[in-house]
Amino acid sequence: MDINHRFRRPLGLFLGLLFALAMIMGVGPGVLLVNYPDTLLGLPRIYTWGLLWYAVHVVIAATAYRFLWRQPLDRDRRERDRERE
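Not measured: the values here are computed from a predicted model.

Cut-offs and rules
- Residues numbered from 1 in each chain as written.
- Predicted model: local features only at pLDDT ≥ 70, side-chain atom pairs only at ≥ 80, totals over all residues.
- Heavy atoms only, no water.
- Helix = DSSP H or I, 4+ residues; strand = E, 2+ residues; numbered from the N terminus.
- Buried < 20%, exposed > 50% of the residue type's maximum accessible area, 1.4 Å probe, protein only.
- Contact = heavy atoms within 4.5 Å.
- Areas by Shrake-Rupley, 256 points an atom, 1.4 Å probe, with all protein chains shown as cover.
- Patch = residues over 30% accessible without salt bridge, like charges linked within 9 Å, V, L, I, M, F, W, Y side chains within 5 Å.
- Salt bridge = Lys/Arg side-chain N within 4 Å of Asp/Glu carboxyl O.
- pLDDT = per-residue confidence, 0-100.
- Core = buried A, V, L, I, M, F, W, Y, C linked by side-chain atoms within 4.5 Å.
- Polar contact = N/O pair within 3.5 Å; in protein donor to acceptor, adjacent residues only side chain to side chain.

> What am I meant to see in the overall build of the protein here?
Scanning the protein for helices and strands turns up three helices and two strands. When its helices and strands are written in sequence order, the protein yields α-β-β-α-α. Sorting the 85 residues of the protein into buried and exposed places 20% on the buried side. The contacts in the protein between residues at least 6 apart in sequence include a share of 52% that link residues at least 24 apart. By element, 63% of the accessible surface of the protein is carried by carbon and sulfur atoms, the whole surface being about 7100 Å².

> Could you clarify how one ought to interpret a nonpolar patch on the surface in this entry?
On the surface, L43, I46, Y47 and L51 cluster together into a nonpolar patch covering about 360 Å² of accessible area. Take the nonpolar patch: its biggest share by element is three residues, from helix α2 (residues 45-69). Examined against the element boundaries, Y47 turns out to sit in helix α2. On the basis of relative accessibility, which here comes to 53%, the residue Y47 falls in the exposed class.

> For this particular structure, what's the right way to read the confidence of the model for the protein?
Close inspection of predicted coordinates is inappropriate for parts of the model with low pLDDT. When the pLDDT values of the protein are averaged, the result is 84; 84% of them are 70 or greater. Here helix α3 (residues 75-84) stands out as the least confident element of the protein, with mean pLDDT 67; α2 is the most confident, with 92.

> Please clarify how the nonpolar core should be interpreted in this entry.
Looking at soluble globular proteins, one finds that nonpolar side chains tend to be buried together. If you look at the biggest cluster of nonpolar residues, it comprises six residues: A22, M25, V31, V34, W49 and W53. Each residue touching V34, except ones within four places of it in the same chain, is listed here: R45, I46 and W49. Counting residues in each nonpolar core, the second largest holds five residues, with L11, I60, A64 and L68 among its members.

> Hey, could you run me through unusual backbone geometry in this one?
Backbone phi values are negative for most residues with the exception of glycine, while trans is the configuration of most peptide bonds. A positive phi angle is found at L41, which is not glycine, with a value near 60°. Position of L41 relative to the elements: it lies in the loop between β1 (39-40) and β2 (43-44). Relative accessible area serves as the criterion here: at 75%, L41 is assigned to the exposed category.

> Is there a simple way to think about the side chain of H57 in this case?
Residue placement: H57 occurs in helix α2. Given the relative accessible area of 16%, H57 is considered buried. Here the side chain of H57 touches W53 through a polar contact of 2.9 Å, landing on its backbone oxygen. With residues near it in sequence (within four places) discarded, H57 still touches F19, A22 and M23.

Below you can see the structure in the form of structure tokens.
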């Protein structure tokens, strides 16, 4: 599925800003929001906080790969792949 070229730039900008926010909140000053002794889901709250922002990074990278970084296959390449099967 190829995303329209018109939407690639805004999506890339949004994902870039979200990635920067996740970096700041995950390992930067955002850690101070949860740095007190308590548990959440059986883990110390600070570990759960880090895992949450790690998951955000994974979703951002998967979305960027799916819609921004991957090149669409050309028709000849698809035909060659079908012939091999």
